[in-house]
Amino acid sequence: MAIGWIISTIVAAILGTTFGALIATMNKKVVRDNIGNINFKKSDIYFHWTRWDYTIILAAVYTFLCITGLMLFLLRGDTIDSPWIQFFIHQTFTFSLITFIWFITRIAFVFKGIKERWSDEFR
């Protein structure tokens, strides 16, 4: 394995763990029922701006910077043998995937909460 992939894997593990820890600490504010399902009538964390949103924005900005760095080195004429190209390819793929999954999960929780929280009011 080339040095760019190894360094990128270490950076992705550190940043991914940090971002995951920021999001996971919000679970204490989520009210669950006996089965373990989220009670959206008592948990309003999904309807407020939280650390989850800031983490998604930070991951998106980092992804954009990695794409910019990748483009810069590709326009300079570097190839896949360059450690910088390897680093930015790996980081761009990893964090664009993480950001997309977090964003879709966030939207899904909001929509599910809206459906469960206000469905009784419209019946």
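Small disclaimer: the values here were computed from a predicted structure and weren't measured.

Trainee: For the nonpolar core, give the residues involved together with the corresponding values.
Mentor: Residues Y46, W52, F88 and W102 are the most contacted members of the largest nonpolar core, which totals 21 residues. Counting residues per element, the ones that place at least two in this core are α1 (3-24), α2 (51-75) and α3 (83-118). Counting residues per element, this core draws most heavily on α2, at seven residues. When residues no more than four places from it in sequence are discounted, the contact partners of W52 are I23, M26, Y46, W102, T105, R106 and F109.

Trainee: I'd like a description of the environment of T68, backed by residues and values.
Mentor: With respect to the helices, strands and loops of the structure, T68 is situated in helix α2. Look at T68 and you get partly exposed, because its relative accessible area is 33%.

Trainee: Could you give an account of α2, naming the residues involved and the relevant values?
Mentor: For α2, which comprises 25 residues, the first-to-last C-alpha distance of 36 Å matches the rise-based estimate of 36 Å (1.5 Å per residue) to within 8%. Those residues of α2 not exposed but buried are W52, D53, T55, I56, A59, Y62, T63, C66, G69, L70 and F73. Of the surrounding secondary structure, the elements contacted by the buried residues of α2 are α1 and α3. Within two residues after α2, G77 carries a phi angle of roughly 105 degrees, on the positive side.

Trainee: If you had to explain the packing of α1 against α3 to someone new, which residues and values would you point to?
Mentor: At a minimum axis separation of 8 Å, α1 and α3 run at an interaxial angle of 25 degrees. By the criterion of interaxial angle, the relationship of α1 to α3 is roughly parallel. Two packed elements cross with a definite hand, and for α1 against α3 that hand is right-handed.

Trainee: So, the packing of aromatic side chains: which residues are in play, and what are the values?
Mentor: Overall, the coordinates contain ten aromatic pairs when judged by the stated rule. Relative to F95, the ring of Y62 has its centre 5.1 Å away and its plane inclined at 80 degrees; by these criteria the two rings are edge-to-face. Here Y62, found in helix α2, pairs with F95, found in helix α3; they are 33 residues apart in sequence, far enough to count as distant. Judged by relative accessible area, which is 0%, F95 ranks as buried.

Criteria and cut-off values
Residues numbered from 1 in each chain as written. Predicted model: local features only at pLDDT ≥ 70, side-chain atom pairs only at ≥ 80, totals over all residues. Heavy atoms only, no water. Core = buried A, V, L, I, M, F, W, Y, C linked by side-chain atoms within 4.5 Å. Buried < 20%, exposed > 50% of the residue type's maximum accessible area, 1.4 Å probe, protein only. Helix = DSSP H or I, 4+ residues; strand = E, 2+ residues; numbered from the N terminus. Contact = heavy atoms within 4.5 Å. Expected span 1.5 Å × (residues − 1). Axes fitted to C-alpha atoms, helices over the stretch in contact; angles between N-to-C directions. Parallel < 35°, antiparallel > 145°, perpendicular 65-115°, else oblique. Left-handed = near helix turned anticlockwise from the far one by under 90°. Phe/Tyr/Trp six-rings, centres within 6.5 Å; stacked < 30°, edge-to-face > 60°.

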